[in-house]
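Next come the chains, spelled out residue by residue.
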Amino acid sequence: MSGVFLTLNAGSSSLKFAVFERDTTSAVPMISGKITGIGENAVFYARDSQGRALGADLPETLDASASHEQVIAMLLPWLENHQSFGSLVAVGHRVVHGGQNFTKPTRISDAVLQQLQTLSPLAPLHQPHNIAAIHAVAHWQPDLPQIACFDTSFHRTQDPLAQAFALPRDLTDEGILRYGFHGLSYDYIASVLPDHLGPEAEGRVMVAHLGNGASICAMKGRKSRATSMGFTALDGLMMGTRCGALDPGVVLYLMQAKAMDAPEIQDLLYNKSGLLGVSGISNDVQVLQDSADPHAADAIALFCYRAASTLAGLLPSIGGLDALVFTAGIGENSALIRQGICDRLAWLGVKLDAGANAANATRIDAADSRVKTLVLPTNEELTVANACRSFAF
Ligand code: ADP
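Not measured: the values here are computed from a predicted model. (Residues numbered from 1 in each chain as written. Predicted model: local features only at pLDDT ≥ 70, side-chain atom pairs only at ≥ 80, totals over all residues. Heavy atoms only, no water.)

Draft legend 1. Summary view of the side chain of His68. You can see His68 is positioned in helix α1 (residues 68-81). One polar contact links the side chain of His68 to the main-chain carbonyl oxygen of Gly11, over a distance of 2.7 Å. Excluding anything up to four places from it in sequence, His68 contacts Ala10, Gly11, Ser12, Ser13, Ser14, Ile38 and His129. (Helix = DSSP H or I, 4+ residues; strand = E, 2+ residues; numbered from the N terminus. Polar contact = N/O pair within 3.5 Å; in protein donor to acceptor, adjacent residues only side chain to side chain. Contact = heavy atoms within 4.5 Å.)

See the structure below:
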């Protein structure tokens, strides 16, 4: 058995993993899976490359209240004992924040780890979990190479204007900038654009990554020129439970008039807003689509309006629109939301083919649409595996 790379994506309450063979270019992992509900009621899912369920042996050993570290400590030996695992060559991690300095995948050393720790305050809900995963692997096999792949790196090609806030210069110099996120997803989509658009892939393309977290990236030459997320992953689009762009005066009002402190405001903006807050029902688009409650329809309508207006706000960075790509859980699966967004972009020449859209086809634009419109599944794990490959272990 040839060597394998393991990719880990440690979120706030979930851990996604995938195992890729070192010596093939297959986009399909040999094993993939996730553990959800970490810290509350952890549930384990794993499948092989044929989509067959694996891990029937695991749930009995999975402590419902296990921490990230405990989950990883359980997962790694399970993977190692799996017959198709092969010898582990390196572990690649999705790391949410690379600051200004990490512009490409980086081999993790003690010095790198220290720098990543200093960035934790910029992504308090994500970065500590990414770092915990790195520590857990190092504890298990101290000499195993680990690679950090950053969600911010893809956006370092943005124009300085697109990265700046209109704040006093010393704050900008200190690093209060629009970093942007979801870079591993955008990197993957950029890599497959030529397969679908040919030379037009180099043109003016908007990619809408619509999952629980959601953002839009304006690309030209398949590079990020501007993006909707900013200093944190809270900015831009309305999301599952995050508010997206907000008048900063609202935060001041919450502090001054409602006497809310920072942790309370953080919880409100990250966990209680977005689709969940507006609907009062759920952050899950499938639940909202099936609901007869008018507040569910309100939440979906606001999501679409905000996505279309944010996309329009990114247009000056690329000077127009040749193609629009939808990706991630909502982008890949919700015909209703794609239609709702595209209806508001009709003035730009976006027109969907209703049948193709309903079928989640790859090309969903109508024959007379000026803007090519696509649905492309993202593959952040492959971006991480390819980064490991680039180190030629
Ligand atoms: P995350 O950011 O957690 O990785 P995902 O990319 O998995 O999120 O997206 C989760 C979102 O995708 C949820 O709102 C879910 O409702 C939505 N989604 C998944 N499948 C469907 C579907 N078939 N129809 C509509 N929405 C869907």
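Draft legend 2. Representation of the sheet that holds strand β10 (residues 214-220). Sheet architecture is open: five strands sit in the order β11-β10-β9-β12-β13, paired in mixed fashion. Each having just a single partner strand, β11 (223-227) and β13 (372-375) make up the two edges of the open sheet. Averaged over all adjacent pairs, the angle separating strand axes in this sheet is 25°, with direction ignored. As paired strands, strand β9 (residues 204-210) and β10 are joined by seven bridges and run antiparallel to one another. When the bridges of β10 are listed, Arg204 appears paired with Lys220. (Pairing = 2+ DSSP bridges. Axes fitted to C-alpha atoms, helices over the stretch in contact; angles between N-to-C directions.)

Draft legend 3. Focus on the packing of aromatic side chains. Inspection of the entire model under this criterion finds four aromatic pairs. Here Phe17 and Phe44 contribute two aromatic rings whose centre-to-centre distance is 6.0 Å and whose plane-to-plane angle is 20°, an arrangement assigned as stacked. Within this pair, whereas Phe17 is found in strand β2 (residues 15-21), its partner Phe44 is found in strand β4 (residues 43-48), the two being separated by 27 residues in sequence. With relative accessibility at 9%, the residue Phe44 sits in the buried group. Aromatic pair Phe102 and Phe150: ring centres 4.8 Å apart, planes at 20°, arrangement stacked. One end of the pair, Phe102, is in the loop between β6 (88-95) and β7 (106-107); the other, Phe150, is in strand β8 (residues 146-150), and 48 residues separate them in sequence. Taken as a pair, Phe102 and Phe150 share a single burial class, namely buried. In this structure an aromatic cluster arises from ring pairing among Phe17, Phe44 and Trp78. (Phe/Tyr/Trp six-rings, centres within 6.5 Å; stacked < 30°, edge-to-face > 60°. Buried < 20%, exposed > 50% of the residue type's maximum accessible area, 1.4 Å probe, protein only.)

Draft legend 4. Quick look at the nonpolar core. Within the largest apolar cluster, 49 residues are counted, with the highest numbers of intra-cluster contacts made by Met206, Leu210, Leu324, Ile337 and Ile341. Of all the elements in the fold, those that place two or more residues in this core are β9, β10, α10 (285-290), α11 (294-314), β12 (323-327) and α13 (335-343). Looking at this core, the element that brings in the most residues is α11, giving nine residues. Each of domain 1 (3-150) and domain 2 (198-375) accounts for three or more of the residues forming this core. If near-sequence neighbours (up to four positions away) are discounted, Ile341 is found in contact with Leu210, Cys304, Ala307, Ala308 and Phe326. Formed by 28 residues, the second largest nonpolar core is a distinct cluster that contains Ile35, Ile72, Ala133 and Val137. (Core = buried A, V, L, I, M, F, W, Y, C linked by side-chain atoms within 4.5 Å. Domains from an automatic or database assignment.)

Draft legend 5. Structural view of the environment of His68. Given the relative accessible area of 7%, His68 is considered buried. It is 8.1 Å that separates the C-alpha atoms of His68 and Ser13, two residues lying 55 residues apart in sequence.

Draft legend 6. Region of the structure containing the site of the ligand. Around the ligand sit 14 residues, and of these Lys16, Asn212, Asp284, Val285 and Gly329 come closest. The separation between an oxygen atom of the ligand and a polar side-chain atom of Asp284 is 2.4 Å. One nitrogen or oxygen atom from the main chain of Gln286 is found 3.3 Å from an oxygen atom belonging to the ligand. Protein chains shield 69% of the accessible area of the ligand, which is 580 Å² for the free molecule. (Near = heavy atom within 4 Å. Areas by Shrake-Rupley, 256 points an atom, 1.4 Å probe, with all protein chains shown as cover.)

Draft legend 7. The arrangement of the pairing of β8 in detail. Among the five residues that make up β8, five are buried, leaving the element largely enclosed by the rest of the structure. Burial along β8 is two-sided: the face carrying Gln146, Ala148 and Phe150 and the face carrying Ile147 and Cys149 are both buried. Of the pairings in the sheet, the one linking β6 to β8 comprises five bridges and is parallel in character. Bridge pairing in β8 links Gly92 to Ile147. Bridge count between β7 and β8: two bridges; the pairing is antiparallel. Note on β8: the bridge partner recorded for Thr106 is Ala148.

Draft legend 8. Quick look at the pattern of salt bridges. Per the counting criterion, the structure on display carries eleven salt bridges. Between Arg22 and Asp23 there is a salt bridge whose closest N-O contact spans 3.3 Å. Arg22 gets classed as partly exposed once you look at its relative accessible area, which sits at 28%. Between Asp365 and Arg363 there is a salt bridge; the shortest N-O distance is 2.7 Å. Its relative accessible area of 12% is what places Asp365 among the buried residues. A relative accessible area of 37% places Arg363 in the partly exposed class. Linked through salt bridges whose partners overlap, the residues forming this network are Arg94, Asp151 and Glu380. (Salt bridge = Lys/Arg side-chain N within 4 Å of Asp/Glu carboxyl O.)

Draft legend 9. Summary view of helix α8 (residues 262-271). Among the residues of α8, Ile265, Leu269 and Tyr270 are the ones counted as buried. Considered in projection along α8, the buried side chains sweep an arc of 115° and stay on one side of the axis. Residues of α8 that are buried make contact with α7 (248-256). (Arc of directions from axis to C-beta.)

Draft legend 10. Fine view of the domain arrangement of the protein chain. Domain annotation for the protein chain reports domain 1 (3-150) and domain 2 (198-375). Listed per partner, the contact involves five residues of domain 1 and five residues of domain 2. Counting the surface domain 1 buries against domain 2, the share from its top three residues, Leu122, Leu125 and His126, is 78%. The interface formed by domain 1 and domain 2 includes zero salt bridges. Linking domain 1 with domain 2 are zero residue pairs in polar contact (both at pLDDT 80 or more), by the criterion used here. Partitioning the side of domain 1 that touches domain 2 into residue classes produces three nonpolar, two polar and no charged. (Buried area = accessible area lost by both parts, 1.4 Å probe. Nonpolar A, V, L, I, M, F, W, Y, C, P; charged D, E, K, R; others polar.)

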